[in-house]
Amino acid sequence: MALTARALNRSTLQRQLLLERAPLGVTEAVRRVVCLQAQHPGSPYVALWNRVADFDPKHLDGAVSGFELVRSTLMRLTLHLVHAGDYRAFREGMEPTLRGSRLHDPRFTKAGFTAADADALLPDLLAYAGSVRTGAEMKARLEAGRGGPVENVVWRMVRQYAPLWHAPTGPPWSFGTAQAFVTANELPVLRDPEASAAGLAALLRRYLEGFGPASVPDMAQFTTAPRGLVREAVKALEGGLERLEGPDGTVLYDVPGAPLPGEDAPAPPRLMAMWDSVLLAYADRSRVIPPEYRKHVIRVNGDTLPTLLVDGYVAGVWRPVDGGIEASAFHPLTAGDWDGLAAEAASLGTLLADRDPRVYGRYDHWWTKGLPAAETRVLPY
């Protein structure tokens, strides 16, 4: 079965709950979409507002405080919010990548630490974090185990490798600049190739459920796992997967019976969160981002700006400003498109007003560097 580029776009949008807001609770919604990028604390809220009908941010507050949804370093070596029931398999699948990138980072070894040092210190650190500890307390515990001060880079690498969950530290978005940690309630098996292989296979199957159909390069991009390990995991799954053909002949994999909406399925406008997963989950970003816009949306340091989604594709960027949402379109939009975006901005304004009206204000410097806006409008709250 051959799929067009537009059919792939609509598949992504449907599985990511972006064709229609779904009447789901926040925990089930996160499980359905697999994960939410969470390095900016406000982004999971904006992402779920885009996906859940009648989204109430207090429900996300409660799911996070109750550790039904957990924030930890996982795919692409960055912070994600995932369902607690998915955490162990996801973490085991990411083990080789996290271990190699964190405990063998040149900055880690230059500071006098080895992977063996971290392995020796980890059991005590995890036992100490059996109840919530601040970042300062955790670093002090690491230093006590080491018998002397450790550089900040060492603590950063250790905490990103260790199976720790971030504990909420308060409003407006549950997590802030202060950090606190608690040990995962079900510890993953570390340094075990069989557990890692099984975990990666489970993670990739879930990825296909939430983002498929997809290629091996797409899966490697989503996880940052080596392609060789991804191919092995796909081979282990292959008897339970369907093979499809992409628009350029690329081999795509999918779970049997997964929805494949028609390419003419309507896609309503959306104001996507900064670092939204759909912008980062594929090697071929043209599934959602027109190639000519990619460098404007994904900046040189990896910052991925909040985007306008029009007819299923990135059409510009947005930011909160005094009095509303400033929407900058990269190409001319119709009056109907602007009306749809204005309605979304009014709804988003209600969410932001009680939390942080300038949610992404610290990234305004990207706008001063110039963006190719065909038209810019301030859409009032």
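This is a predicted model, so every value here is computed, not measured. (Residues numbered from 1 in each chain as written. Predicted model: local features only at pLDDT ≥ 70, side-chain atom pairs only at ≥ 80, totals over all residues. Heavy atoms only, no water.)

Chemist: Explain the packing of helix α5 (residues 84-103) against helix α10 (residues 193-211) residue by residue, including any values.
Modeler: For the pair α5 and α10, interaxial distance at closest approach is 7 Å and the crossing angle is 115 degrees. The element α5 and its partner α10 pack so that their crossing is left-handed. In contact with Asp86, Ala89, Phe90, Glu92, Gly93, Met94, Glu95 and Pro96 of α5, α10 contributes Ala195, Ser196, Gly199, Leu200, Ala202, Leu203 and Arg206. Grouping the constituent residues of the contact of α5 with α10 by class yields eight nonpolar, three polar and four charged. (Axes fitted to C-alpha atoms, helices over the stretch in contact; angles between N-to-C directions. Helix = DSSP H or I, 4+ residues; strand = E, 2+ residues; numbered from the N terminus. Left-handed = near helix turned anticlockwise from the far one by under 90°. Contact = heavy atoms within 4.5 Å. Nonpolar A, V, L, I, M, F, W, Y, C, P; charged D, E, K, R; others polar.)

Chemist: Please give an account of the nonpolar core that cites residues and values.
Modeler: Residues Leu48, Phe55, Leu271 and Leu348 are the most contacted members of the largest nonpolar core, which totals 66 residues. Mapped by element, the contributors of at least two residues to this core are α2 (26-33), α3 (43-51), α4 (57-65), β10 (307-310), β11 (313-321), β12 (324-329), α14 (335-353) and α15 (365-368). Ranked by size, the runner-up nonpolar core spans 60 residues in total, among them Met94, Leu126, Phe181 and Leu204. (Core = buried A, V, L, I, M, F, W, Y, C linked by side-chain atoms within 4.5 Å. Buried < 20%, exposed > 50% of the residue type's maximum accessible area, 1.4 Å probe, protein only.)

Chemist: I'd like a description of the pairing of strand β2 (residues 69-73), backed by residues and values.
Modeler: By the criterion of burial, β2 is predominantly enclosed, with five of the five residues buried. Burial along β2 is two-sided: Leu69, Arg71 and Thr73 and Val70 and Ser72, pointing in opposite directions, are all buried. Relative to strand β3 (residues 79-83), β2 is paired through five bridges, and the arrangement is antiparallel. Across the sheet, arginine 71 pairs through a bridge with leucine 81, a residue of β3. In textbook terms, the turn of a hairpin is the stretch between consecutive antiparallel strands, and for β2 and β3 this stretch comprises five residues, one of which, arginine 76, has a positive phi near 55 degrees. (Pairing = 2+ DSSP bridges.)

Chemist: I'd like a description of the environment of asparagine 152, backed by residues and values.
Modeler: Note that asparagine 152 resides in helix α9 (residues 152-161). Taking C-alpha positions, asparagine 152 is 8.4 Å from lysine 139, a pair spaced 13 residues apart along the chain.

Chemist: Residues and numbers for the side chain of threonine 307, please.
Modeler: Considering the arrangement of structural elements, one finds threonine 307 in strand β10. Setting aside its immediate chain neighbours within four residues, threonine 307 contacts Arg270, Leu271, Met272, Leu279, Val297, Val314, Gly316, Val317 and Trp318.

Chemist: Explain α5 to me, using residue names and the numbers behind them.
Modeler: With 20 residues, α5 extends only 25 Å from end C-alpha to end C-alpha; this falls clearly short of the ideal 28 Å at 1.5 Å per step. Maximum bend of α5: about 55 degrees, positioned at methionine 94, with proline proline 96 one to four residues after it. Summarising burial for α5: 15 of the 20 residues are buried, a large majority. (Expected span 1.5 Å × (residues − 1). Bend = angle between axes of the 7 residues up to and from the residue.)

Chemist: Can you lay out α14 for me, pointing to particular residues and giving the numbers?
Modeler: For α14, spanning 19 residues, the distance from its first C-alpha to its last is 26 Å, which sits close to the expected 27 Å at 1.5 Å a residue. If you check which residues of α14 are buried, you get Trp338, Gly340, Leu341, Glu344, Ala345, Leu348, Gly349, Leu351 and Leu352.

Chemist: Can you tell me about the sheet that holds β12, naming the residues and giving the values?
Modeler: Read from one edge to the other, the open sheet built from five strands follows the order β9-β10-β11-β12-β13, with strand pairing classed as antiparallel. Edge positions in the open sheet fall to β9 (270-271) and β13 (375-380), since each of these has one partner strand only. The sheet contact formed by β12 and β13 spans six bridges and is antiparallel. Residue alanine 329 lies in a different strand from β13, and its bridge partner there is glutamate 375.

Chemist: Let's hear about the environment of valine 310: which residues, and what values?
Modeler: On the secondary structure map, valine 310 appears in strand β10. Accessibility expressed as a relative area gives 11% for valine 310, which makes it buried. Residues valine 310 and alanine 329, spaced 19 residues apart in sequence, show a C-alpha to C-alpha distance of 9.7 Å. With near-sequence residues (within four places) excluded, valine 310 lies in contact with Ala315, Leu333, Asp337 and Leu341.

Chemist: Describe in detail the pattern of salt bridges, supporting the description with residues and values.
Modeler: Under the counting rule described, the total for this entry stands at 26 salt bridges. Between aspartate 61 and arginine 355 there is a salt bridge, and its shortest N-O distance comes to 2.7 Å. With aspartate 61 in helix α4 and arginine 355 in the loop between α14 and α15, the pair connects residues that are 294 residues apart, well separated along the chain. Here aspartate 61 falls in the partly exposed class, since its relative accessible area comes to 22%. What makes arginine 355 buried here is its relative accessible area of 18%. Note that arginine 206 is salt-bridged to aspartate 86, the shortest N-O span being 2.8 Å. In this pair, arginine 206 sits in helix α10 while aspartate 86 sits in helix α5, placing the two residues 120 residues apart along the sequence. The pair formed by arginine 206 and aspartate 86 is uniform in burial state, with each residue classed as buried. Among the charged side chains, a network of salt bridges with common partners joins Arg31, Asp86, Arg205, Arg206 and Glu209. (Salt bridge = Lys/Arg side-chain N within 4 Å of Asp/Glu carboxyl O.)

Chemist: Requested: an account of the packing of helix α8 (residues 135-146) against α9, with residues and values cited.
Modeler: It is at 11 Å that the axes of α8 and α9 come closest, and there the two elements cross at 105 degrees. By the criterion of interaxial angle, the relationship of α8 to α9 is roughly perpendicular. The segment α8 lies against α9, with Gly135, Met138, Lys139 and Leu142 engaging Asn152, Val154, Trp155 and Val158. The class makeup of the residues in the contact of α8 with α9 is five nonpolar, two polar and one charged. (Parallel < 35°, antiparallel > 145°, perpendicular 65-115°, else oblique.)

Chemist: Can you break down the packing of aromatic side chains residue by residue, with the values?
Modeler: Under the counting rule described, the total for this entry stands at 13 aromatic pairs. Look at tryptophan 275 and tyrosine 363: their rings are 5.7 Å apart centre to centre, the planes differ by 85 degrees, and that puts the pair in the edge-to-face class. With a gap of 88 residues between them, tryptophan 275 in the loop between β9 and α13 (294-297) and tyrosine 363 in the loop between α14 and α15 connect regions that are remote in the sequence. Judged by relative accessible area, which is 8%, tryptophan 275 ranks as buried. Put simply, the rings of Tyr207, Phe211, Phe222 and Tyr282 touch in pairs and so form one group of aromatic residues. Taking the ring centre of tyrosine 128 as reference, the NZ or CZ of arginine 133 above it sits at 3.9 Å. (Phe/Tyr/Trp six-rings, centres within 6.5 Å; stacked < 30°, edge-to-face > 60°. Lys NZ or Arg CZ within 6 Å of the ring centre and 35° of its normal.)

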